[in-house]
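Take a look at the letters that make up each chain.
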Amino acid sequence: MLRFVVALSVLALAPANALAQQPLGVVETTLGRFDRDTLRPVGPTISVREPHTGPALSPRGGRFALGVSSPGSPGLPGVGRVGLWIVDPASMTITHEVRTGIAAEAVVYPGVVAALLQDGGLLVVDPDTGRIRSRRHVGYSGCAPPAIHAARRGIIVNQLGPGGAEVAVVEPAGQVRTLRIPIDTSAVGCRRVSLVAGGDRAYLVGRDRVVALDPRARRTRVHRFGDLGRERSAAAVPGGLAVASERGLRLIDTAMWKVRWRDATARSVLASGATVVATGSDVRALDARTGRVRWRAPGHAAAVAAGRVYAQPSVLDLRTGARRGTHPTVTTAIRLISAR
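These figures come from a predicted structure and were not determined experimentally. (Residues numbered from 1 in each chain as written. Predicted model: local features only at pLDDT ≥ 70, side-chain atom pairs only at ≥ 80, totals over all residues. Heavy atoms only, no water.)

K.L.:
How should the sheet that holds strand 28 (residues 293-297) be read in this particular structure?
P.N.:
Hydrogen bonds between backbone atoms are what pair the strands of a sheet, whose relative direction is either parallel or antiparallel. In spatial order, the strands read 25-26-27-28; together these four strands make up an open sheet with antiparallel pairing. Every interior strand has two partners, whereas the edge strands, strand 25 (268-272) and strand 28, have only one. Each neighbouring strand pair of the sheet contributes to a mean axis angle of 20°, computed without reference to strand direction. Of the pairings in the sheet, the one linking strand 25 to strand 26 (residues 275-279) comprises five bridges and is antiparallel in character. Across the sheet, residue serine 272 finds its bridge partner in strand 26, namely threonine 275. (Pairing = 2+ DSSP bridges. Helix = DSSP H or I, 4+ residues; strand = E, 2+ residues; numbered from the N terminus. Axes fitted to C-alpha atoms, helices over the stretch in contact; angles between N-to-C directions.)

Structure follows, in structure tokens:
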């Protein structure tokens, strides 16, 4: 299955001030750093014909892994398609091309690299050598959300079904444990949940509940909120979780597990720090604590990175809403990964 994505991330690599203003990721079929006001490449780039994930950063940000589908470089030993790259962001070079046989659709990098393949295989890979250390079958659902990191673990939703979701928790040393999560995965088109990292917890958002997962102890707590909608998106803010759908937006306090405030007009949501970026009839930035509107602008927010909101084609200042530039219209999805 061919899926192009745009993934943007801010890597905390020295010098911090300069690089914090140069998002790193994949724009259409270009992997590299980009000017935050134009999304034009800055420095060396890599052409990636079939990116299947956004970059998954190593714990210190010195490397990242990317799910792809590629025949491999000329002369690369072995047979079968390359589904995983491990990349040095400083030089923008591929250090390892891993022949997985099929594309990787979810990737985490908590210490080892783990990749969930389209055929349901979950690989654990040594990032220093590119060698596959283990392979197991866990299953794969096409509408599963992007993988995340929380509490120094990688979390992958590998299967969705009428009985709930199955989640794989990947330890830094490579142990993999799976959990069944009782959650309503019904949605428009196919079964889905939202998966969000907030501090040392992971949150799964379903049709009528939020499940808080402690990745260290592999324990869950279920919190019911009635109908959260069929087209859900979610984003974490300090002490809270923003959930939006065709039923509007709710900011859920994750200490009290009560709705802090609502916005009836929002249909999708992103967040950066304590700012909620909601899209409905326009784009609005709201204070996560109070729900107060800080600014509004025309458009649809597709991504937030490096202090900018990418609103196709406007580039807006996250703090003020001022237009800082434009970027080429992106014809494929935009995925944001958490900064470190």
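K.L.:
So what exactly am I meant to see when it comes to empty space enclosed by the protein here?
P.N.:
Gaps left between atoms are located by rolling a probe of water-molecule size over the structure's atoms. In total, this model carries two cavities of 30 Å³ or more according to the counting rule given. If you add up the space inside the second largest cavity, you get close to 30 Å³. If you go around the second largest cavity, the residues you meet are Leu228, Val243, Ser245, Arg247, Gly248, Leu249 and Arg250. Those elements that place two or more of their residues in the lining of the second largest cavity are strand 22 (240-245) and strand 23 (248-253). Here the lining of the second largest cavity gets three residues from one element, more than from any other, and that element is strand 23. Residue composition of the lining of the second largest cavity, by class: three nonpolar, two polar and two charged. (1 Å grid on protein atoms, 1.4 Å probe; cavity = no way out; pocket = protein on both sides within 12 Å on 5 of 7 lines; lining within 4 Å. Points joined across faces, edges and corners; volume = space filled by probe spheres on them. Nonpolar A, V, L, I, M, F, W, Y, C, P; charged D, E, K, R; others polar.)

K.L.:
Looking at this structure, I do not really get the pattern of salt bridges. What am I missing?
P.N.:
Side chains that carry opposite charge are capable of pairing whenever their charged atoms lie near each other. Inspection of every chain in the model, using the stated rule, returns 18 salt bridges. Between arginine 209 and aspartate 208 there is a salt bridge; the shortest N-O distance is 3.0 Å. A relative accessible area of 15% means that arginine 209 is categorised as buried. Looking at aspartate 208, the relative accessible area reads 23%, which means it is partly exposed. Across the salt bridge formed by arginine 294 and aspartate 287, the nearest N and O atoms sit 2.7 Å from each other. Overall, arginine 294 belongs to the partly exposed group, its relative accessible area being 34%. (Salt bridge = Lys/Arg side-chain N within 4 Å of Asp/Glu carboxyl O. Buried < 20%, exposed > 50% of the residue type's maximum accessible area, 1.4 Å probe, protein only.)

K.L.:
How should the nonpolar core be read in this particular structure?
P.N.:
Looking at soluble globular proteins, one finds that nonpolar side chains tend to be buried together. Grouped together as the largest cluster of nonpolar side chains are 18 residues, with contacts concentrated most on Ile155, Val157, Val167, Ile181 and Leu204. If you list the elements that add at least two residues to this core, you get strand 13 (148-150), strand 14 (153-161), strand 15 (164-170), strand 16 (176-181), strand 18 (201-205) and strand 19 (209-214). Residue contacts for isoleucine 181: discarding those within four places in its chain leaves Gly163, Gly164, Ala165, Val167, Leu204, Val211 and Thr220. Residues Ala242, Trp261, Ala271 and Val276 belong to the second largest nonpolar core, which totals 14 residues. (Core = buried A, V, L, I, M, F, W, Y, C linked by side-chain atoms within 4.5 Å. Contact = heavy atoms within 4.5 Å.)

K.L.:
Would you take a moment to explain the sheet that holds strand 29 (residues 303-305) for this structure?
P.N.:
An order of 29-30-31-32 is seen for the four strands of this open sheet, with the pairing classed as antiparallel. One side of each edge strand has no neighbouring strand; the edge strands of this open sheet are strand 29 and strand 32 (323-326). Adjacent strand axes in the sheet meet at a mean angle of 25°, parallel and antiparallel pairs treated alike. Here strand 30 (residues 308-311) pairs with strand 31 (residues 314-317) via four bridges, running antiparallel. In the sheet register, tyrosine 310 faces strand 31, and the bridge partner there is valine 315.

K.L.:
Sorry, what's going on with the environment of valine 26 here?
P.N.:
Residue placement: valine 26 occurs in strand 2 (residues 24-27). Considering only alpha carbons, one finds valine 26 and glycine 54, 28 residues apart in sequence, at a separation of 7.0 Å.

K.L.:
Honestly, the side chain of serine 245 in this entry has me stumped. Any pointers?
P.N.:
Inspection of the secondary structure assignment puts serine 245 in strand 22. Looking at serine 245, its side chain comes within polar contact range of the main-chain oxygen of leucine 228, at 2.7 Å. If near-sequence neighbours (up to four positions away) are discounted, serine 245 is found in contact with Leu228, Gly229, Glu231, Arg232, Ala266 and Arg267. (Polar contact = N/O pair within 3.5 Å; in protein donor to acceptor, adjacent residues only side chain to side chain.)

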